[in-house]
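For reference, the chains in residue letters:
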Amino acid sequence: MSEYAVVTGPESLTFTRVLPGSVERVWAFLTESDKRGQWLAAGDMELREGGGVTLRFVHADLSSVAEPTPEPYKPYENGVTTHGVITRCEPPRVLAFTWGGSRGEPSEVTFELSPQGHDTLLVLTHRKLATRDDMIDVAGGWHAHLGVLAARLAGRSPGPFWSALQRWETDYQARIPAR
């Protein structure tokens, strides 16, 4: 299993990860604001189809290493909030919601969880990515955030966030084909 996203359609990417811990524990890190805030973004989430999702990203809080915010990310230095709507909720196995902040129509992210021994198989699919640049941005972002999630679930320090994000975006520039 590759840690890299796989292009699964003209507008979609899929990540597959085996994460330490039970499905219920990983579900908590997806749905509970305080836990989600440790690896992605805090915020309210109404766990029902049609429920609202608020994600408040403060990327500096995700890093266990102090580093300056790179110039391309300066607009997000003090945090950014996006909103979405839950499109599917089947606790503790499936969660899907629209992803605010995209250009044009919102994209959609789906998390699917299944047990794998004492661990959890996570399949994350992000759909409706309008451009190659959107795919690169989303792929690099998810790769960095999933690294933080895996570290937090394992009880490890996640390391630097911004430099990891820049490295993954550079890798995806080479990996995601032009359309």
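Here's a quick rundown of the structure. In this text, all values refer to a predicted model and were calculated from it rather than measured experimentally.

### As for the environment of Val-109
Phase 1: Mapped onto the fold, Val-109 is located in strand 6 (residues 107-116).
Phase 2: Under the relative-accessibility criterion, Val-109 is labelled buried at 0%.
Phase 3: In sequence terms Val-109 and Phe-97 are twelve residues apart; their C-alpha atoms lie 5.7 Å from each other.
Phase 4: Excluding residues that lie within four positions of it along the chain, Val-109 makes contacts with Leu-95, Ala-96, Phe-97, Trp-99, Leu-124, Thr-125, His-126 and Trp-142.

### Quick word on the packing of aromatic side chains
Phase 1: For the coordinates displayed, the defined rule picks out eleven aromatic pairs.
Phase 2: Taking the centre distance of 5.2 Å and the plane angle of 50° together, the rings of Trp-99 and Trp-142 count as tilted. In this pair, Trp-99 sits in strand 5 (residues 94-99) while Trp-142 sits in helix 3 (residues 132-154), placing the two residues 43 residues apart along the sequence.
Phase 3: Note on Trp-99: relative accessible area 13%, which makes it buried.
Phase 4: Ring centres of Phe-111 and Trp-142 lie 5.7 Å apart, and the angle between their planes is 85°; this geometry places the pair in the edge-to-face category. With Phe-111 in strand 6 and Trp-142 in helix 3, the pair connects residues that are 31 residues apart, well separated along the chain. Each member of the pair, Phe-111 as well as Trp-142, carries the same accessibility label: buried.
Phase 5: Cluster of aromatic residues (ring-pair linked, three or more members): Trp-39, Phe-57, Phe-97, Trp-99, Phe-111 and Trp-142.
Phase 6: Positioned above the aromatic ring of Trp-168, the side-chain terminus of Arg-167 is 4.9 Å from the ring centre.
Phase 7: The ring of Tyr-4 has Arg-175 lying over it, and the distance from NZ or CZ to the ring centre is 3.4 Å.

Quick notes on the rules
Residues numbered from 1 in each chain as written. Predicted model: local features only at pLDDT ≥ 70, side-chain atom pairs only at ≥ 80, totals over all residues. Heavy atoms only, no water. Helix = DSSP H or I, 4+ residues; strand = E, 2+ residues; numbered from the N terminus. Buried < 20%, exposed > 50% of the residue type's maximum accessible area, 1.4 Å probe, protein only. Contact = heavy atoms within 4.5 Å. Phe/Tyr/Trp six-rings, centres within 6.5 Å; stacked < 30°, edge-to-face > 60°. Lys NZ or Arg CZ within 6 Å of the ring centre and 35° of its normal.

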